[in-house]
Each structure stands twice: as structure tokens, then as C-alpha cells.
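Commentary on secondary and tertiary structure
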Amino acid sequence: MTGFIAQVGCGHWGKNLARNFSELGVLGAVVDGNAALASAKADELGVRNLTFEQVLEDPAIRGVSLATPAPAHADMALAALEAGKHVFVEKPLALTPADGQRVLALAQQKGLGLMVGHLLQYHPIFIKMLDMVMASELGAVRYIYSNRMSLGKFRTEENVLWSFAPHDISMILALAGEAPDHVTAQGAAFVTPGIADWCTCQMQFPSGQAAHVQASWLHPFKEQRLVVIGETGMLVFEDSNPEWAKKLAFYPHTINCSGDAPVPRPAAVKYIEVEHSEPLRNECMHFVAVVEFGTGPRTDGAEGLRVLEVLDRAETELKRSLSRKPQ
């Protein structure tokens, strides 16, 4: 198998994508604005060190993986699609729904794959969780919530909503099976003025389901928890639990509403067995299938746009929250 994917951006996260594509035998070139980094990565992985323009002109490169700063995502994705390349773009798809729609429309027009890097959709624990929800093993879903919190890394180029929440919003939309009709958000900038380091985003859905995400860089320990509350059971994906066998827990709790007041009926927790695999490797293999076989991406451009629309609505509310003066 010859290398037919170019990794554009080899920094903090791009280096992991480059490594995985290399181990899969499909990496053909690397690109990075830091010439020394690009040269070193090309030598390390035994591939060509090209410019983005050279990648676009190279017929041997059929897929482009973008791990560049978010403001460049839309324009670089558009350029790659115009050049006839399948595109994987790290989250977010773009910074505005209008730009996201432009990228999606071009991919559809060209008949090319457009995949967005919502990594946790490729986590086997989440896939099992989603399967259980879709099979109604929890009954009707009532609400969903996610906590994604840690101490740092503090950023100045984006707030915690855009840095942390896209993964959780992506998972919540998949679990809910519909787009929210109401989105609100609140937050605060305690460390860097104007850059929210803590926020919450609330979603209400047409079917009556509700959800929220809490994201923070200002938290004493790492917490990555996704909870689904159903009428006949509750699921917890505890990604920060180092023990794989206890990452997915099912609580078959129920509520007896036959009397004067609702009475909970707690039940013993059941840990769900899931075969171990690495989410990033799964995601990279998925993009390889998109390029080689025309497989429809699990997190395609339409899914990326739905997440972007929620982020955009939440950002508007978050800005209002930050602009309020204490009484």
C-alpha cells in the first residue's frame, strides 16, 4: 500500500495523526508551517516534506488530513476539495455555520468525502453506549449530560467551549437523534480576560429530551463523564477511569410512580464489557476507508455542521454571559 494521505499540521495533535497514518501504511507526505518540524517529521516517518500547494497538485495524494489552527479549517478544506481530495478536518469544521455550509456544499458537489474529527464518536465505549440507547435498553431517554474538565491547558486563541465542548455536543446529538430547538450557555473568564475558562451549554430537543455540557480548564482534577438518563436505566461513560472494564456502567434504576410520591428503586451497577481499541486509530482507519472505498464518514460534513450550529448558538449566549457586569 503506497502513501496517499498527506498530514497537514504536525504539531500538538497533528503529530499523532501523522504517526497513525504512517503505521497504517498510508502516509505519503507531511506539511507544516514550521520548516524544521516538517523536515524532522518527514525524516522520522520516511515520507515527503511538501508545501500545501504541492499536496494539492500531487495526483498521488488522494486524501488530506487537516490539523491546523481552527481559523484556517474552512479555507484549507475548500482548497483541498477543489483539488479533488477527500478531506479530514479536525474539529471544528469551521468557525461559522455559513463557512461550514460552504465546505459541505462543495464536498457534495464534488462527490468527495468530508470527515470531521469528532474523535469520541470512534471510541468503542461510546459506540456501545449509542447502540444500547438506540436499542431502547434504557427506555425513552430523558436527559443527557457531560462533564469535560481539567486543570489547563489554558488557551488564548479559543475559549473552553470551542476547545472542549465539540466532542460532547457531537456525542449528545448522536444520542438524542435530533437537533436541539433551544440552546443556552453561560460562562466566566477567571484567568484570561474575555476567554471563558468555564462554561455550561444547555440544549432542549423537540421530543422533550434535555442535555447539558459543562467544560472547564479550571478544575482540580481531570473529569470526563457522559451520562444518559432513561426511563428504565442509566448509562455512565467514565472516560477518566483508567480501568477499561469500568468505563461503561449501566444502572438499571427505575422510579415507581404508582403511589402518592415517586419512589426510586435503585439497582446494582452492571459494568458493560467492550472490546478494547484505540479511538484515534479507529478514526484514522475510518478516514482511510473513506478515501479508498468511498465509505460514508460516521462524522461527515453534515454532522460537523450540526455541531457547529450548536456551538455558534452557544457562543452567542456565552458572550452575553461574559458581558454582564456583577451587580
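Residues numbered from 1 in each chain as written. Predicted model: local features only at pLDDT ≥ 70, side-chain atom pairs only at ≥ 80, totals over all residues. Heavy atoms only, no water.

Now for the packing of helix 1 (residues 14-23) against helix 8 (residues 279-293). Packing of helix 1 against helix 8 leaves a shortest axis separation of 10 Å and a crossing angle of 65°. The handedness of the crossing between helix 1 and helix 8 comes out as right-handed. Residues Asn16, Leu17, Asn20, Phe21 and Glu23 of helix 1 form the contact with helix 8, whose participating residues are Leu280, Arg281, Glu283, Cys284, Phe287 and Val288. Per-class residue counts for the contact of helix 1 with helix 8 are 6 nonpolar, 2 polar and 3 charged. (Axes fitted to C-alpha atoms, helices over the stretch in contact; angles between N-to-C directions. Helix = DSSP H or I, 4+ residues; strand = E, 2+ residues; numbered from the N terminus. Left-handed = near helix turned anticlockwise from the far one by under 90°. Contact = heavy atoms within 4.5 Å. Nonpolar A, V, L, I, M, F, W, Y, C, P; charged D, E, K, R; others polar.)

Take the pairing of strand 1 (residues 5-8) next. Residues of strand 1 alternate between two faces, with Ile5 and Gln7 on one and Ala6 and Val8 on the opposite face, all of them buried. Each parallel crossover has a hand, and for strand 1 linked through helix 1 to strand 2 (residues 27-31) it is right-handed. (Buried < 20%, exposed > 50% of the residue type's maximum accessible area, 1.4 Å probe, protein only. Right-handed = clockwise from strand over helix to strand, strands pointing away.)

This part takes up a nonpolar patch on the surface. Together, Leu151, Phe154, Phe190, Val191 and Leu218 make up an exposed nonpolar region whose accessible area comes to about 500 Å². Position of Phe190 among the secondary structure elements: in the loop between strand 8 (182-188) and strand 9 (198-204). (Patch = residues over 30% accessible without salt bridge, like charges linked within 9 Å, V, L, I, M, F, W, Y side chains within 5 Å. Areas by Shrake-Rupley, 256 points an atom, 1.4 Å probe, with all protein chains shown as cover. Salt bridge = Lys/Arg side-chain N within 4 Å of Asp/Glu carboxyl O.)

Within the span of helix 6 (residues 124-134), buried status applies to Pro124, Ile125, Phe126, Met129, Leu130, Met132 and Val133. Taken together, the buried residues of helix 6 touch strand 7 (141-151), helix 7 (160-176), strand 11 (218-230), strand 12 (234-238), strand 13 (248-251) and helix 8. One or two positions beyond helix 6, positive phi appears at Ser136, with a value near 60°.

Taken as a whole and judged by the stated rule, the model has 4 aromatic pairs. Centre to centre, the rings of Phe21 and Phe287 are 6.3 Å apart; their planes meet at 65°, and the pair counts as edge-to-face. Of this pair, Phe21 sits in helix 1 while Phe287 sits in helix 8, and the two are 266 residues apart along the sequence. For the ring pair Phe164 and Trp217, a centre distance of 6.3 Å and an interplane angle of 85° mean the geometry is edge-to-face. (Phe/Tyr/Trp six-rings, centres within 6.5 Å; stacked < 30°, edge-to-face > 60°.)

Where strand 7 lies against strand 11, 9 bridges are found, and the strand directions are antiparallel. Note that in strand 11 the partner of Arg148 across the bridge is Gln224. The sheet contact formed by strand 7 and strand 10 (residues 210-216) spans 7 bridges and is parallel. The partner of Tyr143 across the bridge, within strand 10, is Ala210. (Pairing = 2+ DSSP bridges.)

The subject of this paragraph is the packing of helix 4 (residues 73-82) against helix 5 (residues 97-110). Following both chains from N to C, one finds helix 4 and helix 5 inclined at 10°, their axes separated by 10 Å at the closest point. What the angle tells us is that helix 4 and helix 5 run roughly parallel. Across from Ala74, Ala77, Leu78, Leu81 and Glu82 in helix 4, the residues of helix 5 making contact are Asp99, Arg102, Val103, Leu106, Ala107 and Lys110. Residues that form the contact of helix 4 with helix 5 fall into these classes: 7 nonpolar, no polar and 4 charged. (Parallel < 35°, antiparallel > 145°, perpendicular 65-115°, else oblique.)

Mapped onto the fold, Gly111 is located in the loop between helix 5 and strand 6 (114-117). Gly111 sits 170 residues away from Arg281 along the chain, and the two C-alpha atoms are 25 Å apart.

Another point: the pattern of salt bridges. If you walk through the whole model with that rule in mind, you get 13 salt bridges. Between Arg281 and Glu23 there is a salt bridge, with the nearest N and O atoms lying 2.1 Å from each other. In this pair, Arg281 sits in helix 8 while Glu23 sits in helix 1, placing the two residues 258 residues apart along the sequence. A relative accessible area of 24% means that Arg281 is categorised as partly exposed. A salt bridge links Arg225 to Glu238, with the nearest nitrogen and oxygen atoms 2.9 Å apart. A residue pair is termed long-range when its members are at least 10 positions apart, and Arg225 in strand 11 and Glu238 in strand 12 qualify at 13 residues. Glu238 gets classed as buried once you look at its relative accessible area, which sits at 16%.

Here we have 6 strands laid out as an open sheet, ordered 3-2-1-4-5-6, and parallel in their pairing. Looking at which strands have only one partner, the edges of the open sheet turn out to be strand 3 (48-49) and strand 6. In the sheet, strand 1 pairs with strand 4 (residues 63-66) via 4 bridges, with the strands oriented parallel. Note on strand 4: the bridge partner recorded for Gln7 is Ser65. Each of strand 1, strand 4 and strand 5 (86-90) is contacted by helix 4, which is oriented at about 170° to strand 5, the strand it contacts most.

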